[in-house]
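# Tertiary structure, described
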Amino acid sequence: MNFPQVNGHRLLRRIQELGQIGCLPGGGGTRLALTDEDKQGRDLIVGWFAEAGASVYVDKIGNIYGVLGGSVDTPPIMTGSHIDTVSRAGFLDGCYGVIAGVELLQAIGESGLTPDKPIAVTVFSNEEGVRFSPDLLGSRVIAKDIALDEALAVETRDGKSFQSELQRIGYAGEIEPWKFIPESFLELHIEQGPVLEATETQVGVVEALQGHSWWQVEIVGCANHAGTTPMHLRKDAGVAAMQLACRLQEYSALDHLPNVTTVGTFALEPNAVNVVPGKAKFTIDFRDSDDGQLRKADALLQSEVMKLQEQGFEVKLQTLSKAMSVKFDEGLCSLLQGVTESIGASNRRIVSGASHDAQMISRACPSAMLFVQSSKGISHNPKENTPDDDLVLGAQILANAMWTLATSKS
Ligand code: HGY
Ligand code: MN
Ligand code: MN
């Protein structure tokens, strides 16, 4: 079978070009969902879709689709990922999968080959969930995990709605998010973890992905004078929050309850050197591939909160995101493994520690993922890196797998 040949130089150049949008002086970049930087990134991808001869669509939650071949009423073979980032991110998380998809479309155009089924490349809105909760918002709406209206109504901390921000950046699309429910979905992504590099394996065929449960905890005590207030008379919200955060970390580290726990944001009020904190606000990210363990961790958090309330603290718990663990489609995993082996690359099955849009899309159609190495297992960090050869290898494996699906008679 003839496969479209990706142009590695163009792939690598475009990763750098997109990475310049929102780049920071100390390295890395920030392109939070629906900011001006996200708009610039979206505009760049739309331009590349046009260069590849793809038809471009935007749906009502701002997902962007580049579609080539076939008729728009046939369910496409889809790949895609995200270009919104966390704060001070690297250049590859999400962006690599999108740019590899664009490269596939351009390679098809240049090869003179025509797919039997439409091939779609999707840029999902708000995958990271840093500015708007929950995360995975664009793919959640497609999977009907959240209603479109509810998603459009979510707000930033400073009260801007998703809908108004979509309109502001010009990506409040017209089409229904269910217009392009795919026949199959493949997502190419960096591993963001240490396994492939540590085992000297080039490619990971992702057969499952761990679920997550995100919380915001707000503890209210009593602000007071740091010099005159005896320790036994304090209602120190800061110490209560720090002790709770450390206890949750210990449950994870010692009892794997759950697999991993992260306190990624932590703020004290009034945040002054000589004031006993009256308020503390922090977030918790629980992850586990066993949903029962996630539920146990949630229950543990609620029991710890009750203990604080018995001590006289006012505590507000808000769930920010829940996403169940998923097992990917075995048929697609075998296809990815077969294509990888036919190209002569080493591979292994792997479970994703990170969340991805495929986690939601797998509820709408058969889905699977492909990983390439992350150097030193680092991600969500400007030091995020993957060897160029691996980036090009992953894109070619994706192209071959997508082409096999788009020309299969099934
Ligand atoms: O948080 C995650 O796992 C993903 O990077 N959004
Ligand atoms: Mn990602
Ligand atoms: Mn990420």
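Here's what I pulled together on the structure shown here.

Thresholds applied
Residues numbered from 1 in each chain as written. Chains lettered and ligands numbered in written order. Predicted model: local features only at pLDDT ≥ 70, side-chain atom pairs only at ≥ 80, totals over all residues. Heavy atoms only, no water. Near = heavy atom within 4 Å. Polar contact = N/O pair within 3.5 Å; in protein donor to acceptor, adjacent residues only side chain to side chain. Areas by Shrake-Rupley, 256 points an atom, 1.4 Å probe, with all protein chains shown as cover. Nonpolar A, V, L, I, M, F, W, Y, C, P; charged D, E, K, R; others polar. Phe/Tyr/Trp six-rings, centres within 6.5 Å; stacked < 30°, edge-to-face > 60°. Lys NZ or Arg CZ within 6 Å of the ring centre and 35° of its normal. Donors = N, O, S within 2.8 Å, 3.2 Å for Na, K, Ca; no water. Helix = DSSP H or I, 4+ residues; strand = E, 2+ residues; numbered from the N terminus. Buried < 20%, exposed > 50% of the residue type's maximum accessible area, 1.4 Å probe, protein only. Contact = heavy atoms within 4.5 Å.

### A word on the site of ligand 1
Taken together, the residues surrounding ligand 1 are Glu127, Glu128, Trp214, Arg287, Ala354, Ser355 and His380. Within the side chain of Glu127, one N or O atom sits 3.1 Å away from a nitrogen atom of ligand 1. A distance of 2.8 Å separates an oxygen atom of ligand 1 from a polar atom in the backbone of Ser355. When ligand 1 is considered free in solution it has 220 Å² of accessible area, and contact with the protein chains removes 95% of it. Class assignment for the residues of the shell around ligand 1 results in 2 nonpolar, 2 polar and 3 charged.

### Examining the packing of aromatic side chains
Using the criterion set out here, one finds 5 aromatic pairs in the structure. Taken together through their ring pairs, the aromatic side chains of Tyr57, Tyr65 and Phe180 make up a single cluster. A cation over a ring is seen here: Lys144 above Trp178, with NZ or CZ 4.6 Å from the ring centre.

### Comments concerning the coordination of the manganese ion (ligand 3)
Note on the manganese ion (ligand 3): its protein donors are Asp93 (OD), Glu128 (OE) and His380 (NE2). The metal-donor distances range over 2.0 to 2.2 Å. All donors to the manganese ion (ligand 3) come from one chain, and their sequence spacing reads D-x34-E-x251-H. Distance-wise, the manganese ion (ligand 2) is placed 3.6 Å from the manganese ion (ligand 3), both being coordinated by Asp93. With Asp93 in the loop between strand S3 (77-81) and helix H3 (95-111) and Glu128 in the loop between strand S4 (119-123) and helix H4 (137-142), the pair connects residues that are 35 residues apart, well separated along the chain. Residue classification places Asp93 among the buried residues on the basis of a relative accessible area of 6%.

### With respect to the side chain of His82
Tracing the backbone through its elements, the reader meets His82 in the loop between S3 and H3. A polar side-chain atom of His82 sits 3.1 Å from a polar atom in the side chain of Asp93. Every residue in contact with His82, bar those within four places of it in the chain, is listed here: Asp93, Gly94, Cys95, Val98, Phe124, Glu127, Glu128, His189 and Asp357.

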